[in-house]
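# Secondary and tertiary structure notes
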Amino acid sequence: YGVEIAAFRPKMRVWCEKTNSCKFTDYEAEMLYMLIRENKPQKVFEMAPNLGFSSHWILHALHLNDNTSVLHSFDIHSNSVKFMDPDFKSRWVFTLGDYAKLFDDGKLDMESYDFLFIDALHEETFARGYCK
């Protein structure tokens with residue numbers, strides 16, 4: 001996947017400059033990209049896309065995998081919506097809301113996802129909510 005990553009990286013560097021927000025490193029993004037390419041999930045869950053850097057890497061991989069896979073992103077703010085590449089919007093479902101509340105209210109079936117990416121509050125107390 002090296003050639004694909006090398007070709008996409010410059011586009012994402014421009015995106016980083018535009019948004020001034022790339023907390024997720026190239027190494028992490030590239031590993032995530034390879035996991036998506038290799039595992040070929042159909043329904044991906046993403047918690048807390050923030051401005052959408054990781055979302056773009058996931059969607060790029062999904063587009064190269066097939067024509068049907070979809071990324072479902074959940075966040076408590078909608079900042080990622082304004083920075084989403086129009087080429088990816090048809091395969092991206094964004095839900096504004098608190099993941100924990102949606103789950104607790106029975107509005108989120110985690111068993112329906114075949115790949116989970118959780119990039120949210122990086123604290124032990126928060127992680128206890130999704131780790132057993």
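Residues numbered from 1 in each chain as written. Predicted model: local features only at pLDDT ≥ 70, side-chain atom pairs only at ≥ 80, totals over all residues. Heavy atoms only, no water.

### What to know about the pairing of strand β4 (residues 115-118)
Burial of β4 is one-sided: the residues F115 and F117 facing one way are buried, the residues L116 and I118 facing the other way are not. With 4 bridges connecting them, strand β1 (residues 43-47) and β4 associate as parallel partners. Residue pairing across strands places V44 opposite F115, the latter belonging to β4. (Buried < 20%, exposed > 50% of the residue type's maximum accessible area, 1.4 Å probe, protein only. Helix = DSSP H or I, 4+ residues; strand = E, 2+ residues; numbered from the N terminus. Pairing = 2+ DSSP bridges.)

### Concerning the packing of aromatic side chains
Counted under the stated rule, the structure contains 10 aromatic pairs. For the pair W15 and F53, a centre-to-centre distance of 5.9 Å together with 35 degrees between the ring planes defines the contact as tilted. With W15 in helix α1 (residues 2-19) and F53 in helix α3 (residues 53-65), this residue pair connects regions lying 38 residues apart in the sequence. With relative accessibility at 9%, the residue W15 sits in the buried group. Aromatic ring contacts, followed pair by pair, group F45, F74, Y99, F103 and Y113 into a single cluster. Its guanidinium or amino end placed over the ring of Y113, K43 lies 4.7 Å from that ring's centre, counting from NZ or CZ. (Phe/Tyr/Trp six-rings, centres within 6.5 Å; stacked < 30°, edge-to-face > 60°. Lys NZ or Arg CZ within 6 Å of the ring centre and 35° of its normal.)

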